[in-house]
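So the chains spell out like this:
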Amino acid sequence: MQNTSRRKFLGLCLGGLGTAGTIAGVYSVFGYLAPHANEGASGKVTFPETDIPANGAKFLDFRGTTAVVIRKQSGELVALSAICTHLGCIVQWEKDKQDFLCPCHGGRYTPDGVVISGPPPKPLEKLAITITNGIVTVG
Ligand code: FES
């Protein structure tokens, strides 16, 4: 009788684990395939301007790649592709230095995407950006 209870308990545990695994798998696939909430059918990305702190950056998914919007010290917003023009690594925003650093080979770019040093052969691609009623639109 006691063995039966253990078997039932183990069966319930394994069934629960299997169900949890299935749910996690389906959720992951859905999350990968589903469009991002803030990316419209036009491929434009919108978000509140308040998402970008002073001198800070916001990285976002943009048309299947990565873009970045930074707020320069002047307050101006700049949208760029975050893909390094050397070999395609994603650049990082260095808030304290106010420049972009590519972690792969040390390429550096100004806040406007102009190459400062390192191997990148050309600037980061500039992206269209508009701000209307506190909403930023990239693309
Ligand atoms: S990939 Fe960025 S410097 Fe090489």
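Residues numbered from 1 in each chain as written. Predicted model: local features only at pLDDT ≥ 70, side-chain atom pairs only at ≥ 80, totals over all residues. Heavy atoms only, no water.

Visitor: Where do I start with the side chain of Arg71 in this structure?
Guide: In this fold, Arg71 is placed in strand 3 (residues 65-71). Among the polar contacts listed, one links the side chain of Arg71 to the backbone oxygen of Glu49, at a separation of 3.2 Å. When residues no more than four places from it in sequence are discounted, the contact partners of Arg71 are Glu49, Ile52, Pro53, Ala54, Asn55, Gly56, Glu76 and Leu77. (Helix = DSSP H or I, 4+ residues; strand = E, 2+ residues; numbered from the N terminus. Polar contact = N/O pair within 3.5 Å; in protein donor to acceptor, adjacent residues only side chain to side chain. Contact = heavy atoms within 4.5 Å.)

Visitor: I tried to follow the state of the cysteines on my own but got confused; where do I start?
Guide: Each disulfide consists of a covalent bond between the sulfur atoms of two cysteine residues. Going through the model one piece at a time under the given rule, you end up with one disulfide. Disulfide partner of Cys89: Cys104, at an S-S distance of 1.8 Å. Disulfide Cys89 to Cys104: torsion about the S-S bond roughly -95 degrees, handedness left-handed. With Cys89 in the loop between strand 4 (77-81) and strand 5 (92-94) and Cys104 in the loop between strand 6 (99-101) and strand 7 (108-109), this pair connects stretches of sequence that are 15 residues apart. (Disulfide = S-S within 2.5 Å.)

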